[in-house]
Amino acid sequence: MTITAPASAPAGTDTTEVDVIVVGAGITGIYALYRARQAGFSVVALEAGSGVGGTWFWNRYPGARFDSESYTYAYLFSEELFDEWVWEEHFAEQPEIERYLNHVVDRFDLRGLIRCNCTVTNATYDDEHGDWTVETADGTRLRARYLIGATGVLSVPYFPDIPGRESFAGEQHHTGLWPSTPVNFAGKRVAVIGTGSSGVQIVPIVARTAASLTVYQRSANWCTPLNNSPISAEEQADLRANFASIREVLNTSLSGFLHETYDRATFEDTEEERQAYYEQMWNSPGFGKLISHYSDMTIDEQANAAWCAFIEAKIRSIVDDPETADMLVPKDHRFGEKRPPFVTDYFETFNRPNVSLVDLKSTPILRMTESGIETADGLAEFDLVVWATGFDFGTGALARMGIRGRDGLALTDYWRDGPKTFLGIQAAGFPNFFFPGGPHAAAGNNPRYNGDQVDFVLDLLIHARAHGFDTIEVDPAAEADWTAMIDRAARRAPSFGESSYYFGSNIPGKPRKYLLNAAGRPKLLSMIEEIKSSDFKPFQMAPGSDGRNRG
Ligand code: NA7
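Calculation criteria
- Residues take numbers from 1 onward in each chain, read along the sequence in its written order.
- Only residues with pLDDT of at least 70 get local features here, since the model is predicted, and only at 80 or more are side-chain atom pairs given and counted; chain-wide, interface and lining totals rely on the full set of residues.
- The side-chain quantities take in all heavy atoms of the structure and omit both hydrogens and water.
- Under this scheme, a helix contributes an axis fitted over its contacting stretch, all axes are lines through C-alpha atoms, and angles between N-to-C directions fall in the 0 to 180 degree range.
- Secondary structure counts use DSSP, requiring at least four H or I residues in a row for a helix and at least two E residues in a row for a strand, with both numbered from the N terminus.
- Should an angle lie under 35 degrees it is considered roughly parallel, over 145 roughly antiparallel, and from 65 to 115 roughly perpendicular; all remaining angles are considered oblique.
- A clockwise turn of the near helix away from the far one marks a right-handed crossing, whereas an anticlockwise turn of less than a right angle marks a left-handed crossing.
- Only heavy atoms enter the contact rule, under which two residues are in contact if any of them lie within 4.5 Å.
- Classification used: nonpolar for Ala, Val, Leu, Ile, Met, Phe, Trp, Tyr, Cys and Pro, charged for Asp, Glu, Lys and Arg, polar for all others including Gly.
- Only protein chains enter the accessibility calculation, which uses a 1.4 Å probe; a residue whose area is less than 20% of its type maximum is buried, one above 50% is exposed, and one in between is partly exposed.
- We define a salt bridge as a contact between a side-chain nitrogen of Lys or Arg and a carboxyl oxygen of Asp or Glu at a distance within 4 Å.
- We define proximity as follows: a residue is near a molecule or strand when any one of its heavy atoms falls within 4 Å of that partner.
- Polar contacts, as counted here, are pairs of nitrogen or oxygen atoms within 3.5 Å of one another; within protein the pair requires one atom able to donate a hydrogen and one able to accept it, and residues that are adjacent in sequence qualify only if both atoms are side-chain atoms.
- Shrake-Rupley sampling with a 1.4 Å probe provides the accessible areas, and residues are treated as covered by the protein chains on show and by no other component.
- Here, a strand pair is defined by DSSP locating no fewer than two bridges between the strands.
- A helix is expected to span 1.5 Å for every residue after the first.
- Stacked, tilted and edge-to-face are the three classes applied to pairs of Phe, Tyr and Trp rings, where Trp contributes its six-membered ring and a pair requires centres within 6.5 Å; stacked means planes under 30 degrees apart, edge-to-face means over 60, and tilted covers the rest.
- Note on geometry: a ring has a charge over it if NZ (lysine) or CZ (arginine) is within 6 Å of the ring centre and within 35 degrees of the ring normal.
- Only residues whose relative accessible area exceeds 30% and that form no salt bridge enter a patch; like-charged residues are grouped when within 9 Å of one another, and nonpolar side chains (Val, Leu, Ile, Met, Phe, Trp, Tyr) when within 5 Å.
- Charge counting follows a simple rule: Lys and Arg are positive, Asp and Glu are negative, and His as well as the terminal groups are ignored.
- Just so you know, the charge point we use is NZ for Lys, CZ for Arg, CG for Asp and CD for Glu.

## Let's talk about the packing of helix 1 (residues 27–38) against helix 16 (residues 446–466)
So, point 1. Interaxial distance between helix 1 and helix 16 falls to 10 Å at its minimum, and their mutual angle equals 30°. On the basis of their axis angle, the class for helix 1 and helix 16 is roughly parallel. Regarding helix 1 and helix 16, the two cross each other, and that crossing is right-handed. Contacts between helix 1 and helix 16 pair I27, T28, Y31, A32, R35 and A36 from the former with P447, N450, G451, V454, D455, L458 and I462 from the latter.
So, point 2. Of the residues in the contact of helix 1 with helix 16, the class split is eight nonpolar, three polar and two charged.

## Thoughts on unusual backbone geometry
So, point 1. Here N117, not a glycine, exhibits a phi torsion of approximately 55°, which is positive.
So, point 2. Of note, N117 is situated in the loop between strand 3 (114–115) and strand 4 (120–126).
So, point 3. Under the relative-accessibility criterion, N117 is labelled exposed at 56%.
So, point 4. The phi torsion at D407 lies on the positive side, around 55°, for a residue other than glycine.
So, point 5. Tracing the sequence through the fold places D407 in the loop between strand 17 (403–404) and helix 15 (411–414).

## Details of the pattern of salt bridges
So, point 1. One pass over the full model with this rule turns up 35 salt bridges.
So, point 2. Its salt-bridge partner being E88, residue R99 comes within 3.5 Å of it at the nearest N-O pair. Within this pair, whereas R99 is found in helix 5 (residues 94–107), its partner E88 is found in the loop between helix 4 (79–84) and helix 5, the two being separated by 11 residues in sequence.
So, point 3. For E88, a relative accessible area of 47% puts it in the partly exposed group.
So, point 4. A salt bridge links K510 to D392; the shortest N-O distance between them is 2.5 Å. One end of the pair, K510, is in the loop between helix 17 (476–492) and helix 18 (520–533); the other, D392, is in the loop between strand 16 (384–387) and helix 14 (396–399), and 118 residues separate them in sequence.
So, point 5. Classification of D392 as buried rests on a relative accessible area of 11%.
So, point 6. Among the charged side chains, a network of salt bridges with common partners joins E312, R316, D326 and K331.

## A word on the site of the ligand
So, point 1. Around the ligand, 19 residues are found, and the nearest of them are T195, S198, R218, S219 and Y501.
So, point 2. Separating an oxygen atom of the ligand from a side-chain N or O atom of K338 is a distance of 3.2 Å.
So, point 3. Contact distances for the ligand include 2.3 Å between an oxygen atom and a side-chain N or O atom of Y501.
So, point 4. Considered on its own, the ligand offers 780 Å² of accessible surface; in the complex 83% of this is hidden by protein.
So, point 5. Counted by class, the shell around the ligand contains eight nonpolar, eight polar and three charged residues.

## Considering the sheet that holds strand 15 (residues 378–381)
So, point 1. Taken in spatial order, the three strands make up an open sheet running 13-14-15, and their pairing is antiparallel. Strand pairing shows two members of the sheet lacking a second neighbour, strand 13 (365–368) and strand 15, which therefore form its edges. Between one strand axis and the next, the sheet turns through 25° on average, direction left out of account.
So, point 2. Bridge count for strand 14 (residues 372–375) against strand 15 is four bridges, and the pairing is antiparallel. In the strand pairing of strand 15, T375 is matched with G378.

## Some words on the packing of helix 9 (residues 271–282) against helix 11 (residues 301–318)
So, point 1. Closest axis-to-axis distance for the helix 9/helix 11 pair is 11 Å, and the angle between their directions is 65°. Note that helix 9 runs across helix 11; the crossing there is right-handed. Contacts between helix 9 and helix 11 pair Q275, Y278, E279, M281 and W282 from the former with A303, A306, W307, F310, I311, K314 and I318 from the latter.
So, point 2. Its residues assigned to classes, the contact of helix 9 with helix 11 comprises nine nonpolar, one polar and two charged.

## Description of helix 5
So, point 1. Helix length check: helix 5 (14 residues) gives 20 Å between terminal C-alpha atoms against 20 Å at 1.5 Å per residue, within 8%.
So, point 2. Inspection of helix 5 places Q94, E96, I97, E98, Y100, L101, V104 and V105 among the buried residues, and these make up the whole buried set.
So, point 3. On its buried side, helix 5 packs onto helix 1, helix 2 (55–58), helix 4 and strand 3.
So, point 4. Directly beyond the C-terminal end of helix 5, a positive phi value near 55° is found at D109.

## Considerations on helix 16
So, point 1. Taking 1.5 Å per residue, 21 residues should reach 30 Å; helix 16 reaches 30 Å between its end C-alpha atoms and fits that length.
So, point 2. The element helix 16 is extensively covered by neighbouring structure, given that 15 of its 21 residues are classed as buried.
So, point 3. Of the residues trailing helix 16, G468 is marked for its positive phi of about 75°.

## Side note on the packing of aromatic side chains
So, point 1. Under the criterion given, the structure shown has 48 aromatic pairs.
So, point 2. An aromatic cluster is defined as three or more aromatic residues linked by ring pairs; in this entry it consists of Y31, Y34, W56, F66, Y73, Y75, F77, W85, W87, Y100 and F108.
So, point 3. Seen from the ring of W387, R165 lies directly overhead, with NZ or CZ sitting 5.7 Å from the centre.
So, point 4. Of note, R465 hangs over the ring of F41, and the distance from its end group to the ring centre comes to 4.2 Å.

## A few points about the sheet that holds strand 7 (residues 171–174)
So, point 1. With respect to topology, five strands assemble into an open sheet ordered 7-16-8-9-12, the strand pairing being parallel. Both outer strands of the open sheet, strand 7 and strand 12 (355–359), are each paired with one neighbouring strand and no more. Each strand axis lies, on average, 15° off the axis of its neighbour in the sheet, ignoring direction.
So, point 2. Across five bridges, the pairing between strand 9 (residues 212–217) and strand 12 is parallel. Note that in strand 12 the partner of V215 across the bridge is L357.

## Focus: the pairing of strand 20 (residues 539–542)
Each regular strand shows side chains that alternate between the opposite faces of the sheet.
So, point 1. The two faces of strand 20 differ: F539 and M541 on one face are buried, but Q540 and A542 on the other face are not.
So, point 2. When strand 19 (residues 471–474) meets strand 20, the two strands line up antiparallel, connected through four bridges. For I472, the partnering residue across the bridge sits in strand 20 and is M541.

## Here we look at a positive patch on the surface
So, point 1. A contiguous patch of positive charge on the surface is contributed by R488, R491, R492 and K523.
So, point 2. Element by element, the count of residues in the positive patch is highest for helix 17, at three residues.
So, point 3. Among the secondary structure elements, R491 is positioned in helix 17.
So, point 4. Owing to a relative accessible area of 66%, R491 belongs among the exposed residues under this scheme.

## Focus on the environment of C118
So, point 1. Within the secondary structure, C118 sits in the loop between strand 3 and strand 4.
So, point 2. When the C-alpha positions of C118 and E89 are compared, they lie 33 Å apart, and in sequence the two are 29 residues distant.
So, point 3. Apart from residues lying up to four places away in sequence, C118 is in contact with L46, E47, A48 and T136.

Put into C-alpha cells, the structure is as follows:
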C-alpha cells in the first residue's frame, strides 16, 4: 500500500499522500474512516470542527436529541460495541450522542487518523495522475487517490437575510452552530426564530428559565409527541439479546427503522376505531407516527386530513389561549409533506405566562436593530436571539468545498440546476470522488442508508484495487437514469410538497429539485445488489498513468 498518513502534519506543509481522504468526522465519515482503514487503505479524515460528531457536534443546543430510537441510529457493524454502550434513553440527548461517537472513535483507534479544525477549501482532480489534491483553510495540501465527502446534508446553517442582523448588540446563536460554552437563558429576554425540528426542541427548555420567550413562527408544523423514556435494564437486556434480529430488520426495512408498517387503510375502520388508533399513534414513540400509520395516511388527501383534524383537536385542547392555539395549527401543508418534528412539552409551553408567539406571515420581521427585532407591530427588545432557521440542505456543504473534477469542472457549475448523481454516491466527471450521505440517497433513518452507501463505496475501492484499477468514474448514462428516476419518484409521491426544504425551497435562489430519493432505500439496495452482481458495470475503471496506488 502507499504512504503512511500523519494525522497532524504541520500547517502549510505539502507532504501527506494517502489512498483515501475522508472529509467530515460525523456518523458517516467515522464509518467511512473505519471501513477504509479496515480494508487496508491508508486514510485520513479532515474535520472542520474542534471535535468529532458532525451534526451531533455542531447542534449542541439545549434540547437537541435523536428522534430515531438511539439503538437504531447507532452503528451496527460491531456487536461488541452494541453490547457495551448503554443508551440512557430511547431518544438520546446531544451530550450522550457526542460521548458515544467519541467512544467509537477511541474504541476503534481512529482518533489518530482524524485532523480536527481542518476546513477543506479546495479539492482538485488531477487528470494526469488520477488523484485528488485537497487544500485546507490553513494552506495545508494533501493528496489522495480517493476523496470521500462525508459532509452531511444538514451541515451548513442558514441565516435569513434580515437587515441589521449584525447590528444586534445582544447574544445571537444559530442552533446548528451552538457554542460549546454554556449559554445562559436565566432572567433574559429571548427570541427564537424558526419552528422546525430544532426550534420546537429548544423552545420548551428556554421557556423554563428565561424572563420572557418570544417565538417567531413563519409556518406552523404538524408536531406530535416524541414520547421519550429511559431505557430500563430489562429493555437493555432485550436489545442485547436481539441484536441479530434488530440488525436484520434495520438493514432491510423500508426506511431503516424498527417500526412496523400497518396494512389497514384509514376508512376501513369505523370513526370510533379510527379515533382509538389515532390516540395510539399520538402516544407512540417518534417516527412510528409516520411508518406504522394507516397505509394511506400520506397518500390519500382525505385520510391525511382526518389525521390532521385529530392533531388540530389535540393542539386546541392543550393550548389555553384560542388565538395562540389557532396560530399553532398548520394551514399550508399536510402531515408528512414536510419533515415532521417530534416534541416534548412544546404546545404546553405556550400556556406559560412568560411565552408568546408571533405569526411572521401577518407581521414579518422588517429589521433587527441594536436592541431587538422590529415587525409591523413595533420593536421587541431582546438580550438573546436564537436562529433556528435551518440549513442549506443536501448540497450546501459539498458546494462549499471548492470541488473541481475532470478538466477543472466545478461541482457547483455541474450542479447549477440541481444535483446530478448516481445512487447519491458519485457524479460523472468527478472520478474517484464519492459523497455517501449526500443528496439523492434515500429518506428515513440517515445512518442506515448512509452506511449502505459507505459499504458500497468500499466495495468499489476494493474491487478496483483487486483488478489494478486506479480510477473509478460512473457512466454518464447511469447517472442520467438515476437522476431522472429521482425526479419522477418525487413527482409521483404526493406526500412531498415543494414547501419542504427537501426541494431546497428554504434557500432563496436555490433550484427547486428534490434532494432525497423518494423511491427510498429499497431502490438503493436493489440497485447496489444489481451493480455488484454485474461486476460494477455502470462504473468505468482504468489503470492510472503512474500506477502509484496499485499495491
Ligand atoms: P428547518 O426544519 O428547516 O426549520 C427552519 C425553520 O426556520 C422553519 O420554521 C422555517 O419556517 C424558519 N425560517 C426559515 N427561514 C426563515 C425566515 N426567513 N424568517 C423566519 N423564519 C424562517 O430546520 P431545523 O433546524 O429546525 O431542522 C432541520 C433538521 O434537523 C430536521 O429536519 C431534522 O432532520 C433535524 P418555514 O417552515 O420555512 O416557513
